[in-house]
Amino acid sequence: MSKKIFVTGGAGYIGTHTCLELLNKGYEVLVYDNLSNGSKKAIDQVRLLSKKNITFFFGDIRDEKTLLEVMSNFEPHTVLHLAGLKAVGESVLKPLDYYRVNVCGSLNILKAMNKAECSEIVFSSSATVYGKNNIPPFKECDELKPDSPYGQTKLIFEQILKDWIKTDIKNRATILRYFNPVGAHKSGLIGEDQKENLNNLMPYIAMVAAGKRNYLKIFGSDYSTRDGTGERDYIHISDLARGHVRSIEKMNKLDRLNILNLGTGHGTTVLELVKTFEKVNNVKVPIKIVGRRSGDVDILLANPLKAIKTINFKCKKTIIDMCHDTWNWQIKNPNGYAELK
């Protein structure tokens, strides 16, 4: 019998790519998602690519009763918790929304797991939990001092998981601290959907290159980096998806609590990413420098050695792959999933 994985937020960008990887590895998958950042059409594309069934249930992690009912009926071996609000800048403006969803909703998941007798969870955390006092590349043991409510919600649930595993010898948790996921599946059938309020850099670049925006806003040019723009560790979304599957595969062979960075260990500034995108895809991306966003930091860069050693995970794809696959998704889906029937 195939292992059952209950995926919260599975209809979103990270979720769809990870569900595809899970299905290709022979897992049975149920997606629980309220579609605030996802699309049922994306789930259909995952079915098309995998040629396998994936169960979808419309639900909100804040709805404790429904969450428990769906999880109990499915009887998962592992929960992959991806659902949550995710924009640093928005979290500064709407902190209560972030605590309500990312903390209270996550607590509901653990309560449902206890009642459904599911003892394994992989949690989508973030590199934003690291403090400004750390020297990049960041290690999992570094100081944790988030600079935004978003990062704070991730850190709070990390601590909750540390306490939760102590309540039962069977409980296991793997915390994955993402750096900056970008790119799209090589087929161009799934990718990062385009929303009116663009928070992520790469889809913004692609929309400007496609002429859907006049220019790219670069938030700040006075950071302590090579060219003054923020430096990030970009990881291809397909590599990130593999990292989740490796975490699930290795769950029973590791400590009951594991915290792992998922990143390449290589930094790219905003300007460097723009120039690479232009060169790889033979397009132009006009830019406009504006003020910094609240909550942004100079450099986010992973030390990926622990993931390499513990779950045998290493990124395979380059910045060139990320730029190529993003543009492939953009030209094949100029309006994202909105135009799919």
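Look up: the structure comes first, before these words.
Residue indices begin from 1 for each chain and proceed along its sequence in written order. Reporting in this predicted model follows two pLDDT cut-offs: at least 70 for local features of residues, and 80 or more for side-chain atom pairs to be given and counted; totals over whole chains, interfaces and linings ignore these cut-offs and use all residues. Hydrogens are left out, water is left out, and the side-chain values use all remaining heavy atoms of the structure.

Colleague: Please clarify how the sheet that holds strand β12 (residues 268-269) should be interpreted in this entry.
Modeller: Hydrogen bonds between backbone atoms are what pair the strands of a sheet, whose relative direction is either parallel or antiparallel. As summarised here, the arrangement of the three strands in space is β12-β9-β14, forming an open sheet in which the pairing is mixed. Each edge of the open sheet is held by one strand with a lone partner, namely β12 and β14 (299-300). When DSSP finds two or more bridges between two strands, those strands count as paired. A run of H or I in DSSP counts as a helix once it spans at least four residues, and a run of E counts as a strand once it spans at least two, with each numbered from the N terminus. Of the pairings in the sheet, the one linking strand β9 (residues 231-232) to β12 comprises two bridges and is antiparallel in character. Of the residues in β12, the one forming a bridge with R232 is T268.

Colleague: Can you walk me through the sheet that holds strand β3 (residues 55-58) in this structure?
Modeller: Judged by pairing direction, the sheet is parallel, and its seven strands sit side by side in the order β3-β2-β1-β4-β5-β6-β11 without closing on themselves. Edge positions in the sheet fall to β3 and β11 (257-262), since each has one partner strand and no second. For this sheet, the mean angle separating the axes of adjacent strands, direction not counted, is 20°. In the sheet, strand β6 (residues 172-178) pairs with β11 via six bridges, with the strands oriented parallel. Paired with Y178 across the strands is L262, a residue of β11. In this fold helix α3 (residues 64-74) packs onto β1 (4-8), β2 (28-33), β3 and β4 (78-81), with an angle of close to 175° to the strand it touches most, β2. Only C-alpha atoms enter the line fits that serve as axes; for helices the fit covers just the stretch in contact. Angles between N-to-C directions range over 0 to 180 degrees. Contacts were defined at the residue level, with two residues in contact if any of their heavy atoms lie within 4.5 Å.

Colleague: Explain the environment of K145 here, please?
Modeller: Within the secondary structure layout, K145 lies in the loop between β5 (120-126) and α6 (149-164). Measuring from C-alpha to C-alpha, the distance between K145 and D33 comes to 29 Å, with 112 residues separating the pair along the chain. In contact with K145, other than residues within four places in its own chain, are V129, Y130 and G131.

Colleague: Is there a simple way to think about the side chain of S106 in this case?
Modeller: Examined against the element boundaries, S106 turns out to sit in helix α5 (residues 95-116). The classification of residues rests on relative accessible area computed with a 1.4 Å probe and restricted to protein chains. Under 20% of the type maximum is buried, over 50% is exposed, and intermediate values are partly exposed. Residue classification places S106 among the buried residues on the basis of a relative accessible area of 1%. What qualifies as a polar contact is a pair of N or O atoms within 3.5 Å, subject to a donor-acceptor requirement within protein and to the restriction that residues adjacent in sequence count only when both atoms come from side chains. In this structure the side chain of S106 is engaged in a polar contact, spanning 2.8 Å, whose partner is the side chain of H81. Not counting the four nearest positions on each side in its chain, S106 is found in contact with I61, H81, V101 and F157.

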